[in-house]
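What follows is each chain in one-letter form.
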Amino acid sequence: MERTCGLLTLKNEPVPLKSVSVELSVQGFVADVSSTLQYENQESSPVEAVFVFPMESDSAVYRFQAQIGGVLIEAEVREKQEARDEYDDAVSSGQQAFLLEESDESSDVFRLSVGSLPPGQSASVSLSYVTELAVQEDGALRFCLPGVLNPRYTPAGGMSMTASAPAAPGGFVPYSLSLSANIRSPSGIDTVQSNCPLDPLEHLTEDKTEAKVNLSPGHKFDRDVELLVYYKNAHQPTTILEAGLPSATPGSLMADAVAMLSFYPEFPVAVLSSLSSCGEFIFLVDRSGSMDCPMSTGTREMQRIKSARDTLLLLLKSLPLGCYFNIYGFGSTFESFFPDSVEYTQETMDSAVEKVKTMEADLGGTEILEPLKEIYRKPCRDGHPRQLFVFTDGEVGNTKEVTDLVKINALSHRCFTFGIGEGASSSLIKGMAREGSGHPQFITGTDRMQPKVMQSLRFALQPAVHDISVKWDLPPAVNVSPLSPPLKVLFQGQRALLYVQLTGQCDSGAAGSVNLQYTLSDTSVKNELKFSFKPDKDTGLTIHRLGARTLIRSLEGEERAKEGEEEKKALKKKVIELSTQSGVSCSHTAFIGVNKDSKEPVQGPLQRRNIPRARMGFRAMPQMAMCAPLCSAGGFRVIQQIPMMLTCLSRADEPPIPKVFCAMAPSAPAKEVAEPEEDPMLQLISLQRANGSWDLDQKLASVLGKTEEEIASKMPGEVPNNELWATVLALLWLYGFKLDSKDEWQFLSMKAVSWIKGHKGLSVTQCMQVGNTLLGCQVEPQTLGL
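### Overview of the pattern of salt bridges
Move 1: Tallied over the entire structure, the rule returns 27 salt bridges.
Move 2: Between Glu 360 and Arg 309 there is a salt bridge; the shortest N-O distance is 3.7 Å. One end of the pair, Glu 360, is in the loop between helix H4 (346-357) and helix H5 (369-377); the other, Arg 309, is in helix H3 (residues 304-318), and 51 residues separate them in sequence.
Move 3: Here Glu 374 ties to Lys 378 by a salt bridge, and the two come within 3.6 Å at their closest N and O atoms. Residue Glu 374 shares its accessibility class with Lys 378, and that shared class is buried.
Move 4: Sharing partners across several salt bridges, the network here consists of Glu 76, Arg 78, Glu 82 and Glu 86.

Written as structure tokens, this is what we have:
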């Protein structure tokens, strides 16, 4: 039997990519990343290696270079079609060429083409980019190096760059990853955590303001690599001023100074405690086949759809009485629990909970556009601001079309998004939240979805900020031009970033200030930030590149929104000029490099090799969209069948795959796996009534570890009814045994306390003393707010 040695694709083709090495430099909450890819052609013919890979959507790619045969080739940013033509001409004539381009559909997918790599030749390709680090709910700063590229589902007639990216055979990625990170922060570095094994953190200075950490050796790039950086007192308002480039064209962005301002709004305590009791809450849940996969590569990880069901249960119990709500599920079709949003009552909550229990990942592909259109077609309710919560694994191809739709409807709602599992599109999750004045969250690895969802619910229930303005106090000769779009939303403790271009001259010792002003619950709030005009010398051109990327993304959105061709052309021209001047690529440009020093053209027929990627998604035949059930046992209402083109990930010579399965599933026959025991906290939450109370029954007694008779016999005589006694015990159990999960149950606890306070004459102290003794805990009345 003939066998082929070396690294192979699904079609037994040798893989020319051997390794990826990443150098990460973190300064404060900005990261500069340099990735180097080592290629080697071990075939007898020249090859063209094509590598489609994910990248954080907020990244600004500013450098692309290659080294081959001792020659360093520095790529340039050109208009995209011009760059493609030059690449094709070079490769067809036997020249060595390199092309890096952003996907037309989504800003978080790139394609790297290495053309005419001769037999036996090695090449080193490097790309550099800068990105901001997102603030997490626990104060950490998150850096993600995406390693998983799932196929993006595209409506019929569309094209997707991810379609050409093959899955790694058996989930095994045939190239290694090394990563080293240098971290600097004036506030001191506490610790660094990761979902991948790390070497011990090494502090390089006594004050712990500089440190380094490495990914443990031998890592295969088969998952997203996530670093969580914890600083001491990090989240303080700051300004970074960066001088312009002397050699740049006068008057251009790169020639002038650029400032980055970061605000951390602190709302008054009285405002934070006054949560709204009204609103229309719409939950849009991904029920495509890929939601049946685990949250991460671990075989024992919870399924995404199971995590979504648990989270919906928590949300349904946490909503305030008097609000309105509805739940939609989407895939190749979409369904809603109710024809229109309904008032939150015991009856509607019970109905929704029963339907949530039957939700499965059974609706085919991932088409989110049509359900969004249906939601936006529904009129909003007076006095009930619409809050849209979107849960998806982000395998969407028409990302820009989706985010543009959210932007068009931005004035009618706020949009909170949750990317579930590795490979979720950062462009989709961040873009929808940004255009919808909401907040994005990513749930990967061992993350619990519930704390992050509850943080977003807290944002949704807090009073909205109005009349946001930025006022400048600058030296007379200095003018400011914003690079960021106007701030539309502010959340307590969440960073708000602004990039501005400063023109004119002033002494480096001069000072300026900026005031962020807004109205919150009829209260005018002002946050002042003072800064010096002395440029920061440690940032290089990082702030300029991030500012350029911010302005480019904004202009690209304006271009898509225009209807007139002349207006579109003018904006496209402006974007291309800004991209080429700043050296930051965009959807209209690409990096192109050609080895013009090569004396002899590469001989022989060129073989194309698509580099495989890790995938967390599923494989499906295109016909699968037709097989999605038109209705389910939960009594859902099917609204519309959506035309769909699914990416076929199976090999052409394989027989049709009759059902969906996860890419990382073992090939051996599956063994029976026992259903995990239900979380007792979720059991307790599921028993709460819409008004915040609990009934005294055997189910509650079982969670509390007692019998119903035992609990009833200990009820103090002055307690007027069983429901009060049961509610006090449920709260005591949560505070006594699940305090570390308070972020998840704080809202349903507030409802319970409010319900108890509505009953006059109850001796709370005596009631709690008896309850503490019964349950074996020690909780004070003031802890519960009683």
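### Looking at the packing of aromatic side chains
Move 1: Overall, the coordinates contain 15 aromatic pairs when judged by the stated rule.
Move 2: Seen in terms of ring centroids, Phe 459 and Phe 491 are 4.6 Å apart; in terms of plane orientation they differ by 20°. Their pairing is stacked. One end of the pair, Phe 459, is in helix H8 (residues 449-461); the other, Phe 491, is in the loop between strand E28 (479-482) and strand E29 (496-503), with 32 residues separating them in the sequence. Of the two residues examined, Phe 459 and Phe 491, each falls in the buried class.
Move 3: Taken together, the ring pairs connect Phe 283, Phe 389, Phe 391, Phe 416, Phe 418, Phe 459 and Phe 491 into an aromatic cluster.
Move 4: A cation over an aromatic ring shows up here: Lys 355 above the ring of Phe 338, its NZ or CZ 4.9 Å from the ring centre.
Move 5: Over the aromatic face of Tyr 62 sits the side chain of Arg 545, whose NZ or CZ is 3.7 Å from the ring centroid.

### A word on the packing of helix H14 (residues 722-737) against helix H15 (residues 742-757)
Move 1: The N-to-C vectors of H14 and H15 enclose an angle of 155°; their axes lie 11 Å apart at closest approach. Relative to H15, the element H14 is oriented roughly antiparallel. Crossing hand, H14 versus H15: left-handed. Within the contact between the two elements, H14 uses Glu 723, Leu 724, Thr 727, Val 728, Leu 731, Leu 734 and Tyr 735 and H15 uses Lys 742, Trp 745, Leu 748, Ser 749, Ala 752, Val 753, Trp 755 and Ile 756.
Move 2: Split into classes, the residues belonging to the contact of H14 with H15 amount to 11 nonpolar, two polar and two charged.

### Focus: the nonpolar core
Move 1: Within the largest apolar cluster, 80 residues are counted, with the highest numbers of intra-cluster contacts made by Phe 281, Phe 283, Phe 325, Phe 389, Phe 391 and Trp 694.
Move 2: Of all the elements, H14 adds the most residues to this core, at 11 residues.
Move 3: For Trp 694, the contacting residues outside a window of four places in its chain are Leu 684, Leu 687, Gln 688, Leu 700, Glu 723, Ala 726, Thr 727, Ala 730, Leu 734, Leu 748 and Ala 752.

### Some thoughts on the sheet that holds strand E19 (residues 257-263)
Move 1: With respect to topology, four strands assemble into an open sheet ordered E18-E19-E29-E28, the strand pairing being antiparallel. In this open sheet, the two strands that pair with only one neighbour each are strand E18 (238-242) and E28. Here the strands of the sheet are splayed against their neighbours by 25° on average, with no regard to which way each runs.
Move 2: One ladder, built from seven bridges, connects E19 with E29; its direction is antiparallel. Each bridged residue has a counterpart across the sheet, and for Phe 263 the counterpart in E29 is Ala 496.

### Concerning helix H9 (residues 542-561)
Since there are 3.6 residues in each turn of an α-helix, residues three or four apart along the chain are aligned in direction.
Move 1: Look at H9: 29 Å from first C-alpha to last across 20 residues, which is about the 28 Å you get at 1.5 Å a residue.
Move 2: The buried count for H9 comes to 14 of 20 residues, which makes it a mostly enclosed element.

### Re the packing of H5 against helix H6 (residues 399-408)
Move 1: Running from amino to carboxyl end, H5 crosses H6 at an angle of 10°, the nearest separation of the two axes being 10 Å. Relative to H6, H5 is oriented roughly parallel. Together, Leu 369, Leu 372, Lys 373 and Tyr 376 of H5 and Glu 401, Val 402, Leu 405 and Val 406 of H6 make up the contact between the two elements.

### A word on the sheet that holds strand E30 (residues 511-520)
Move 1: Here three strands make up an open sheet; going across it, the order is E27-E30-E31 and the pairing antiparallel. For this open sheet the edge positions go to strand E27 (465-473) and strand E31 (523-532), each flanked by a neighbour on one side alone. Ignoring strand direction, the axes of neighbouring strands in this sheet form an average angle of 15°.
Move 2: Note that E27 and E30 share seven bridges and pair antiparallel. Along E30, the bridge assignment pairs Ser 469 with Gln 517.

### Quick look at unusual backbone geometry
Move 1: A positive phi is found at Lys 208, a non-glycine position, where the angle reads about 60°.
Move 2: Inspection of the secondary structure puts Lys 208 in the loop between strand E14 (202-203) and strand E15 (210-214).
Move 3: For Ser 437, which is not a glycine, the phi torsion comes out positive at approximately 55°.
Move 4: Following the sequence through the fold, Ser 437 ends up in the loop between helix H7 (426-435) and strand E26 (440-443).

Reading guide: rules and limits
- Residues numbered from 1 in each chain as written.
- Predicted model: local features only at pLDDT ≥ 70, side-chain atom pairs only at ≥ 80, totals over all residues.
- Heavy atoms only, no water.
- Salt bridge = Lys/Arg side-chain N within 4 Å of Asp/Glu carboxyl O.
- Helix = DSSP H or I, 4+ residues; strand = E, 2+ residues; numbered from the N terminus.
- Buried < 20%, exposed > 50% of the residue type's maximum accessible area, 1.4 Å probe, protein only.
- Phe/Tyr/Trp six-rings, centres within 6.5 Å; stacked < 30°, edge-to-face > 60°.
- Lys NZ or Arg CZ within 6 Å of the ring centre and 35° of its normal.
- Axes fitted to C-alpha atoms, helices over the stretch in contact; angles between N-to-C directions.
- Parallel < 35°, antiparallel > 145°, perpendicular 65-115°, else oblique.
- Left-handed = near helix turned anticlockwise from the far one by under 90°.
- Contact = heavy atoms within 4.5 Å.
- Nonpolar A, V, L, I, M, F, W, Y, C, P; charged D, E, K, R; others polar.
- Core = buried A, V, L, I, M, F, W, Y, C linked by side-chain atoms within 4.5 Å.
- Pairing = 2+ DSSP bridges.
- Expected span 1.5 Å × (residues − 1).

So far we have only geometry, and geometry alone does not tell us how the molecule works.
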